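The lines below spell out each chain.
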Amino acid sequence: MKAALLNPPLSLSNPSSTRHTIRPTRSPSHISFSTSAASSASISSSSSPTPKPIVIVGSANADIYVEIDRLPLEGETISARSGRTLPGGKGANQAFCSGRLSLSDHATYLVGRVGSDAHGRLLEDSLGEGNAVRLDCLTRADSVPTGHAVVMLQPNGQNSIIIVGGANMNGWDDKLTEEDLVVVRGAGMLLLQREIPDWVNLQVAQAAKAAGVPVIMDAGGMDAPIPSELISLVDIFSPNETELARLTGMPTDTFEQISQAATKCHKLGVKQVLVKLGSQGSALFIEGEDTIRQPIIPASEVIDTTGAGDTFTAAFAVALVEGKPKAECLRFAAAAASLCVQVKGAMPSMPHRNSVIKLLQSIQ
């Protein structure tokens with residue numbers, strides 16, 4: 001398999017020589033997450049009366065769901081058991097989840113592009129529900145339709161997805177507006193994904209870096225090399241094991257192989273690699289430190305895995321911007337993802353903060 005993390009890829013010398021010491025998380029003796037703003041400290045609260053927001057720059061899609069018994073074969077037509085259109089897209093998912101999980105005084109902004117069509121209005125209405133997400137920087141692009149995705153959902157909850165970029169890929173001007181960049185510079189955390197052009201991610205990552213804003217990049221999205229200039233600006237890189245294999249050109253069938261692939265990311269300049277491992281949980285590889293592993297928090301029933309990765313990433317960011325220890329951030333994210341997979345749809349399945357805390361309290 002050809003390495004594809006950077007374009008052009010960089011060579012490494014004996015990546016397997018670096019070993020990671022695994023430090024599993026332990027159940028905390030108490031839950032430090034609170035449902036009230038008064039009892040939770042923000043990283044930025046010591047220097048500013050208003051906590052800095054989480055800012056997501058990314059995609060907003062209309063997800064066209066079709067429930068099927070199996071995937072069609074080449075040249076075959078099959079009938080779906082049902083179909084519906086729901087709001088989604090990795091950027092919108094993460095923003096909506098952040099809005100639901102954050103304390104009331106922690107704002108969430110989505111910087112993105114939608115079309116001036118029914119799908120765009122669906123996304124605006126859904127994201128603005130309960131004022132969960134600030135939409136000041138969600139701009140309508142008149143010349144292109146809203147992005148959409150066809151989600152083929154099978155009975156076991158697994159899905160296959162085809163994305164049509166629309167405004168997510170073609171609705172941006174050549175340069176981001178100053179309004180967009182001001183929001184990014186004032187963030188407490190910036191979240192990126194790969195369902196928008198790399199040059200957009202690069203511009204906002206540069207603005208964030210210059211302002212001292214931490215950058216988390218979810219690897220989900222386009223199947224293409226990540227520019228070296230962009231990856232060098234990322235503080236936490238978050239792939240799943242399949243994305244990690246594709247982007248590094250290394251196998252990830254065992255935890256040892258995953259560790260070696262994470263080491264390659266360290267060599268390329270990413271100090272922290274947060275790998276989502278599906279049924280095996282997650283692992284945070286921090287250069288020079290012990291690896292932190294978090295098992296899944298089992299769901300009572302898996303209905304739909306769509307949006308689980310976005311829920312995990314957003315929940316981790318919410319906990320991190322509140323100043324929680326990394327192990328506790330992983331646990332909070334695992335609980336949020338467990339609740340997500342028990343509901344159909346991406347954004348509709350994003351859990352509320354109270355539900356996540358209740359689940360954590362129940363399993364202490």
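Everything here concerns the structure above.
The rules behind these values
Residues numbered from 1 in each chain as written. Predicted model: local features only at pLDDT ≥ 70, side-chain atom pairs only at ≥ 80, totals over all residues. Heavy atoms only, no water. Axes fitted to C-alpha atoms, helices over the stretch in contact; angles between N-to-C directions. Helix = DSSP H or I, 4+ residues; strand = E, 2+ residues; numbered from the N terminus. Parallel < 35°, antiparallel > 145°, perpendicular 65-115°, else oblique. Contact = heavy atoms within 4.5 Å. Nonpolar A, V, L, I, M, F, W, Y, C, P; charged D, E, K, R; others polar. Core = buried A, V, L, I, M, F, W, Y, C linked by side-chain atoms within 4.5 Å. Buried < 20%, exposed > 50% of the residue type's maximum accessible area, 1.4 Å probe, protein only. Left-handed = near helix turned anticlockwise from the far one by under 90°. Pairing = 2+ DSSP bridges. Right-handed = clockwise from strand over helix to strand, strands pointing away. Phe/Tyr/Trp six-rings, centres within 6.5 Å; stacked < 30°, edge-to-face > 60°. Lys NZ or Arg CZ within 6 Å of the ring centre and 35° of its normal. Polar contact = N/O pair within 3.5 Å; in protein donor to acceptor, adjacent residues only side chain to side chain. Expected span 1.5 Å × (residues − 1).

The next point concerns the packing of helix α10 (residues 326-340) against helix α11 (residues 353-362). Between α10 and α11, the shortest axis-to-axis distance is 9 Å and the interhelical angle comes to 110 degrees. The angle between α10 and α11 falls in the class roughly perpendicular. Residues R331, F332, A335, A336, S338 and L339 of α10 form the contact with α11, whose participating residues are S355, V356, L359 and L360. Per-class residue counts for the contact of α10 with α11 are 7 nonpolar, 2 polar and 1 charged.

Now for the nonpolar core. Core analysis: the biggest nonpolar cluster contains 46 residues, and I54, L101, L110, L127, M189, F316 and F332 have the highest contact counts within it. Ranked by residue count, the leading element in this core is helix α9 (residues 308-321), at 9 residues. Aside from chain neighbours lying at most four places away, what touches F316 is I216, I236, L274, L284, K326, C329, L330 and A333. Judged by nonpolar contacts, the second largest core, of 44 residues, contains V204, I231, L233 and L244.

What follows is about the packing of helix α1 (residues 90-101) against α9. Packing of α1 against α9 brings their axes to within 8 Å, and their N-to-C directions diverge by 45 degrees. With respect to α9, the axis of α1 lies oblique. When the axes of α1 and α9 are compared, the crossing they make is right-handed. Counted together, K90, N93, Q94, C97, S98 and L101 of α1 and D310, T311, T313, A314, A315 and V318 of α9 form the full contact between these two elements. Looking at the contact of α1 with α9, its residues break down into 5 nonpolar, 5 polar and 2 charged.

This brings us to the pairing of strand β7 (residues 138-141). With 4 bridges connecting them, strand β6 (residues 108-115) and β7 associate as parallel partners. In the strand pairing of β7, V114 is matched with R140. Regarding topology, helix α2 (residues 118-127) serves as the crossover connection from β6 to the parallel β7, and that connection is right-handed.

Turning to the packing of aromatic side chains, a few remarks are in order. Any pair of aromatic rings gets described here by the distance separating the centres and the angle formed by the planes. A complete count under the given rule lists 1 aromatic pair for this structure. Taking the ring centre of F255 as reference, the NZ or CZ of R293 above it sits at 3.8 Å.

Within the secondary structure, Q193 is located in strand β10 (residues 189-194). A distance of 3.5 Å separates a polar atom in the side chain of Q193 from the backbone nitrogen of G91. In terms of polar contacts, Q193 uses its side chain to reach the side chain of Q94, at 3.2 Å. With near-sequence residues (within four places) excluded, Q193 lies in contact with I56, V57, G58, S59, K90, G91, Q94, N201, M217, D218 and G220.

The next subject is α9. In this model α9 runs 20 Å from its N-terminal to its C-terminal C-alpha over 14 residues, within 8% of the 20 Å that 1.5 Å per residue would give. The element α9 is largely enclosed, with a buried count of 13 among its 14 residues. Backbone geometry just after α9 places G323 at a positive phi near 90 degrees.

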